[in-house]
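Observations on the model geometry
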Amino acid sequence: MSRLRIGIVGCGSVAQIVHLPTLNQLSDFFEVTAVCDVSLNVLAGVGDDWGVATRVSNYQDLLALDTVDAVLIANPDVFHAEATIAALRAGKHVLVEKPMCLNLTENDAIIAAQKEAGKIVQVGTMRRYAPAFIEACRLVKDMDEIRLAKAHDLIGRNPLVIEPTSRVVPADDIPASVSEAMRERGAEAIRAAIGDVPDALATAYRMMLGLSSHDLSAMREMLGMPQRVLYAAQRCGGRYQTAAFDYGDYICQFSTGVDNIPRFDTYLQVYGDNKVVRVDYDTPFVRNLPIRLTVAETTDGVNNRRTVTHPGWGDAFTEEWRAFHHNVISGTSAKTSPQDFRNDLLLFRDMIQLMAGATAATD
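Quick caveat: nothing in here was measured; it's all calculated off a predicted structure. (Residues numbered from 1 in each chain as written. Predicted model: local features only at pLDDT ≥ 70, side-chain atom pairs only at ≥ 80, totals over all residues. Heavy atoms only, no water.)

**Some thoughts on the overall build of the protein**
In terms of regular secondary structure, the protein is built from eleven helices and 14 strands. For 363 residues, the compact-globule estimate of 2.2 N^0.38 gives 21 Å, and the C-alpha radius of gyration of the protein, at 21 Å, lies within 12% of that figure. Dimensions of the protein, computed from the C-alpha atoms along their principal axes, are close to 65 × 50 × 45 Å. Split into buried and exposed, the 363 residues of the protein put 52% on the buried side. Taking the intrachain contacts of the protein between residues at least 6 apart in sequence as the baseline, contacts between residues at least 24 apart amount to 71%. Accessible surface, the protein: about 16100 Å² in total, of which carbon and sulfur atoms supply 50%. With 35 positive and 45 negative side-chain charges, the protein shows a spacing of 3 Å between the two charge centroids. (Helix = DSSP H or I, 4+ residues; strand = E, 2+ residues; numbered from the N terminus. Rg over C-alpha atoms; globule rule 2.2 N^0.38 Å. Buried < 20%, exposed > 50% of the residue type's maximum accessible area, 1.4 Å probe, protein only. Contact = heavy atoms within 4.5 Å. Areas by Shrake-Rupley, 256 points an atom, 1.4 Å probe, with all protein chains shown as cover. Lys, Arg positive; Asp, Glu negative; His and termini not counted. Charge placed at Lys NZ, Arg CZ, Asp CG, Glu CD.)

Written as structure tokens, this is what we have:
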């Protein structure tokens, strides 16, 4: 078991650009023994590119293999919950891409299945495994006081980075009827989470499940769970959002959105009277870009010292997979566990409720 045999469920862009190269890099710890995708084009292309002979189009067939110890769940997120639960019932450990699931009912079903199976489930919020982030958490913990915090995530659409930098085998053989059924299933799961809301709020919730799960998950590890959401609003059909999280002695301000500029403007910053700690992230679709830690501080109220460090080359996904290997081998619960992800869903729910109230007030 020192070298885990991995089956991949869902071989889209993130699997092709990030996970497969990472698993290949960590070949002392992992071997990809099977791949699964509903697109036969993707299945053939990925299997050929990475030399994986076992290729199936139904993930239940992959889970039945005795040559698979653990599963990466990277298929569309509307299927994450059912695939994760099925993997656990088949006796497999799971690394599931975020969002782990779409609502609290699914989340609690995963928690129950994990408890019964006794296997590791690790949610793929990889930013929390970056060395710069871990060091920032240590520095923040040692700060005498916190006066303000900010979580900011403005990015360009992913294809703006992916298309000029990567080759991705497209899933262009999937019938439109299958894609439409998947959209309807996703809409139903979101209604189960937040009710029958206007389209803008459904889009906002989708944004939270995708991009914001990185930001708020990291915020919670660094600062803890906030006491409450003071304020939340959305604009531009839910694609831009702001919020304020109450930490008692201070507020964490949150802002996010997606535009057409090919860049990543993403950071988590904590302010004290004498020290400011900041982590800056770049796009995950170009591997090994630096994740930087910046510390500005004074010891005498006169001099201002600013240090920028990049704690080692390496990718947050690589560190995530290293942690997964350690968790499986040692039986250690992942810090990005199903129980942990549940807190994100609670924050998302509270944010949507405030956004709904603001929308109603302006109608």
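Picking up after the structure, the text goes on.
**Re the pattern of salt bridges**
Here the structure, examined in full by the defined rule, presents 25 salt bridges. Across the salt bridge formed by arginine 147 and aspartate 273, the nearest N and O atoms sit 3.2 Å from each other. Of the two residues, arginine 147 is situated in the loop between helix H6 (131-141) and strand S7 (148-156) and aspartate 273 in the loop between strand S11 (264-271) and strand S12 (275-281); the sequence distance between them amounts to 126 residues. Judged by relative accessible area, which is 46%, arginine 147 ranks as partly exposed. Residue aspartate 273 is classed as exposed on the basis of its relative accessible area of 51%. The closest approach of N and O atoms between lysine 335 and glutamate 221, which form a salt bridge, is 2.9 Å. A residue pair is termed long-range when its members are at least 10 positions apart, and lysine 335 in the loop between helix H10 (316-330) and helix H11 (338-362) and glutamate 221 in helix H9 (residues 199-223) qualify at 114 residues. Salt bridges sharing partners connect three or more residues here, namely Arg128, Arg220, Glu221, Lys335, Asp340 and Asp344. (Salt bridge = Lys/Arg side-chain N within 4 Å of Asp/Glu carboxyl O.)

**Details of the packing of aromatic side chains**
According to the stated counting rule, one finds five aromatic pairs in the structure shown. Here tryptophan 321 and phenylalanine 324 contribute two aromatic rings whose centre-to-centre distance is 5.6 Å and whose plane-to-plane angle is 90°, an arrangement assigned as edge-to-face. Of this pair, tryptophan 321 and phenylalanine 324 are both found in helix H10, three residues apart, which corresponds to roughly one turn of the helix. What makes phenylalanine 324 buried here is its relative accessible area of 0%. Among the aromatic residues, ring-to-ring pairing joins Phe30, Trp321 and Phe324 into one connected group. Directly above the ring of tyrosine 267 sits arginine 278, whose terminal nitrogen or CZ lies 3.8 Å from the centroid. Note that lysine 335 overlies the ring of tyrosine 129, its terminal NZ or CZ placed 4.9 Å from the centroid. (Phe/Tyr/Trp six-rings, centres within 6.5 Å; stacked < 30°, edge-to-face > 60°. Lys NZ or Arg CZ within 6 Å of the ring centre and 35° of its normal.)

**Focus: the nonpolar core**
Ranked by internal contacts, the top residues of the largest apolar core, which has 107 residues, are Ile8, Met222, Leu223, Phe245 and Met351. Counting residues per element, this core draws most heavily on H9, at ten residues. For leucine 223, the contacting residues outside a window of four places in its chain are Val140, Ile146, Ala149, Tyr247, Tyr250, Cys252 and Val270. (Core = buried A, V, L, I, M, F, W, Y, C linked by side-chain atoms within 4.5 Å.)

**Some details on the sheet that holds strand S6 (residues 121-124)**
Here six strands make up an open sheet; going across it, the order is S3-S2-S1-S4-S5-S6 and the pairing parallel. Pairing within the sheet leaves two strands with one partner each, and these edge strands are strand S3 (55-56) and S6. Across six bridges, the pairing between strand S1 (residues 4-9) and strand S2 (residues 30-36) is parallel. Looking at S2, one finds that leucine 4 is bridged to phenylalanine 30. Here H10 sits on the sheet and contacts S1, S2, strand S4 (70-73), strand S5 (93-97) and S6; the angle it forms with S5, its principal contact strand, is near 155°. (Pairing = 2+ DSSP bridges. Axes fitted to C-alpha atoms, helices over the stretch in contact; angles between N-to-C directions.)

**Describing the side chain of serine 337**
Note that serine 337 resides in the loop between H10 and H11. By relative accessible area, which is 7% here, serine 337 ends up buried. If we skip the residues at most four places from it in the chain, serine 337 touches Val121 and Val123.

**Points about the sheet that holds strand S10 (residues 251-259)**
Judged by pairing direction, the sheet is mixed, and its eight strands sit side by side in the order S8-S9-S10-S7-S11-S12-S13-S14 without closing on themselves. Pairing within the sheet leaves two strands with one partner each, and these edge strands are strand S8 (228-235) and strand S14 (305-309). Neighbour-to-neighbour, the strand axes of the sheet open up by a mean angle of 10°, direction not taken into account. Sheet topology note: the S7/S11 ladder contains eight bridges and is antiparallel. In the strand pairing of S11, leucine 148 is matched with tyrosine 271. Across the sheet, H6 touches S11, S12 and strand S13 (292-297), and the angle it forms with S12 is around 165°. Where H9 meets the sheet, it contacts S7, S8, strand S9 (240-246), S10, S11 and S12, and its direction lies at approximately 135° from that of S10.

Geometric values such as these leave the question of function open.
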